[in-house]
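Survey of secondary and tertiary structure
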Amino acid sequence: MTDNSRIRTDIAHNARVWNYWLGGKDNYLIDRQVGDQVTGMYPSIGQVARADRGFLGRAVTFLAREAGVRQFLDIGTGLPTVDNTHEVAQRVAPDARIVYVDNDPIVLTHARALLSSTPEGRTEYIDADAHRPDDILRSVEPTLDLSRPVAVIMLGILNFVLDTDEATSIVRRIMDAIPSGSHLALTHPTLELGGEGNAEAMAFWNENATPPITARSRAEFTGFLDGLEILEPGIVSCARWRAEGDPAAEVAQFGAVGRKP
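Described below are features of the structure shown in this document. (Residues numbered from 1 in each chain as written. Predicted model: local features only at pLDDT ≥ 70, side-chain atom pairs only at ≥ 80, totals over all residues. Heavy atoms only, no water.)

What follows deals with the overall build of the protein chain. Per the secondary structure count, the protein chain includes 9 helices and 10 strands. Overall, the C-alpha framework of the protein chain stretches about 45 × 40 × 35 Å when taken along its three principal axes. Looking at the protein chain residue by residue over its 261 residues, the buried ones come to 51%. The long-range fraction of contacts in the protein chain, counting pairs at least 24 apart against all pairs at least 6 apart in sequence, stands at 74%. When the accessible surface of the protein chain is split by element, carbon and sulfur atoms take 48% of a total near 11,400 Å². Between the mean site of the 25 positive side-chain charges and the mean site of the 36 negative ones, the protein chain shows a separation of 5 Å. (Helix = DSSP H or I, 4+ residues; strand = E, 2+ residues; numbered from the N terminus. Buried < 20%, exposed > 50% of the residue type's maximum accessible area, 1.4 Å probe, protein only. Contact = heavy atoms within 4.5 Å. Areas by Shrake-Rupley, 256 points an atom, 1.4 Å probe, with all protein chains shown as cover. Lys, Arg positive; Asp, Glu negative; His and termini not counted. Charge placed at Lys NZ, Arg CZ, Asp CG, Glu CD.)

With that out of the way, let us pick up the side chain of K260. With respect to the helices and strands, the residue K260 is situated in the segment after β10 (253-259). Buried K260, no salt bridge; nearest opposite-charge side chain is D176, N-O distance 4.9 Å. What K260 contacts, discounting residues up to four positions off in sequence, is M175, D176, I178, P179, S180, G181, S182 and L228. (Salt bridge = Lys/Arg side-chain N within 4 Å of Asp/Glu carboxyl O.)

Turning to the pairing of strand β3 (residues 97-102), a few remarks are in order. Taken residue by residue, a regular strand's side chains alternate between the two faces of the sheet. With 5 of 6 residues buried, β3 lies mostly within the body of the structure. Taken together, the 5 bridges between strand β2 (residues 71-75) and β3 define a ladder with parallel strand orientation. For Q71, the partnering residue across the bridge sits in β3 and is R97. Each parallel crossover has a hand, and for β2 linked through helix α4 (residues 85-92) to β3 it is right-handed. With 6 bridges connecting them, β3 and strand β4 (residues 122-127) associate as parallel partners. Looking across to β4, one finds that R97 is bridged to R122. (Pairing = 2+ DSSP bridges. Right-handed = clockwise from strand over helix to strand, strands pointing away.)

Moving on, we get to the nonpolar core. One finds F72, L73, I75, V152, M154 and L184 to be the most contacted residues of the largest nonpolar core, which totals 86 residues. Beyond its immediate chain neighbours, meaning those up to four positions away, M154 contacts I75, I170, V171, L184, A185, L186 and T187. (Core = buried A, V, L, I, M, F, W, Y, C linked by side-chain atoms within 4.5 Å.)

The geometry of helix α6 (residues 133-140) relative to helix α7 (residues 164-176) is characterised by a closest axis approach of 9 Å and an angle of 25 degrees between their N-to-C directions. On the basis of the axis angle, α6 is roughly parallel to α7. The interaxial crossing formed by α6 with α7 has right-handed handedness. Residue-level contacts link P133, D134 and L137 of α6 to I170, R173 and I174 of α7. (Axes fitted to C-alpha atoms, helices over the stretch in contact; angles between N-to-C directions. Parallel < 35°, antiparallel > 145°, perpendicular 65-115°, else oblique. Left-handed = near helix turned anticlockwise from the far one by under 90°.)

This brings us to unusual backbone geometry. If a residue is not glycine, its phi is most likely negative; likewise, a peptide bond is most likely trans. Here the amide bond leading from E141 into P142 is cis, since omega sits at 10 degrees, within 30 degrees of zero. Position of P142 among the secondary structure elements: in the loop between α6 and β5 (151-155). Of note, the amide linkage connecting E232 to P233 takes the cis form, showing an omega dihedral of 10 degrees. Among the structural elements, P233 can be located in the loop between β8 (229-230) and β9 (236-237). With a phi close to 50 degrees, R242 is a non-glycine residue in the positive phi region. Relative to the helices and strands, R242 is located in the loop between β9 and β10. Look at R242 and you get partly exposed, because its relative accessible area is 33%.

Below, the discussion takes up the packing of aromatic side chains. Centre-to-centre distance and the angle between the planes together describe a pair of aromatic rings. The tally for this structure, following the rule as stated, stands at 4 aromatic pairs. Aromatic pair F55 and W241: ring centres 5.4 Å apart, planes at 65 degrees, arrangement edge-to-face. Within this pair, whereas F55 is found in helix α3 (residues 45-65), its partner W241 is found in the loop between β9 and β10, the two being separated by 186 residues in sequence. For the pair F55 and W241, one class covers both residues: buried. (Phe/Tyr/Trp six-rings, centres within 6.5 Å; stacked < 30°, edge-to-face > 60°.)

Here the focus is the pairing of β2. The buried count for β2 comes to 5 of 5 residues, which makes it a mostly enclosed element. Along β2, one buried face is formed by Q71, L73 and I75 and the opposite face, lined by F72 and D74, is buried too. Across 3 bridges, the pairing between β2 and β5 is parallel. In the strand pairing of β5, F72 is matched with A151.

Below, the structure is given as structure tokens:
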């Protein structure tokens, strides 16, 4: 059961605003109003949202097809849309097993209704907070076998952990708990890569929506990947990570995939 008392319709929430920017319908008037205000300040935010989604598809396809990963832990799932992690992974490997993690009650409701699995694989959703990695690790079993490689997906989630040391600790705790051959796929907003105009929009967001957000530098983003082998093409705008064809327009969101040696 979902605790509907936790659902706030009087304040914009990231998962619903992101859904709005992606063209979804799972949002409220306040989400659309704040989303439009942010877009007015930072017109490329919708492009960032779409680029982040494109990165997810390419990264999960790579992890399932080329890296041979069959277990995925997607932390900070957001509202389901097209080509969710389990759909991309199970398209390549029908036996793939996916655990989604989020702590928003609306996400929980939609995820349980929509995130189904192939007969050969398994899809599970757990209600947990990214700030508490030990709770996540305890909850993923038995769907995931943590003695075998896991691909951890953390797209646009660490920006809601405002303290960089804490965010780094969360990544380390999770990656330390899984074996060699595991991977981390990561995106994060930045004021670099042409994102300087985002500063005003982020300040507006933090005054008018939840949860609060922060941008980080390339050096800070790189710190999340310490101890991992950063795969080609390295740390780039997420729009350009293994994108096919002509180079995509840069968005102010880093993207990278690292492999645990």
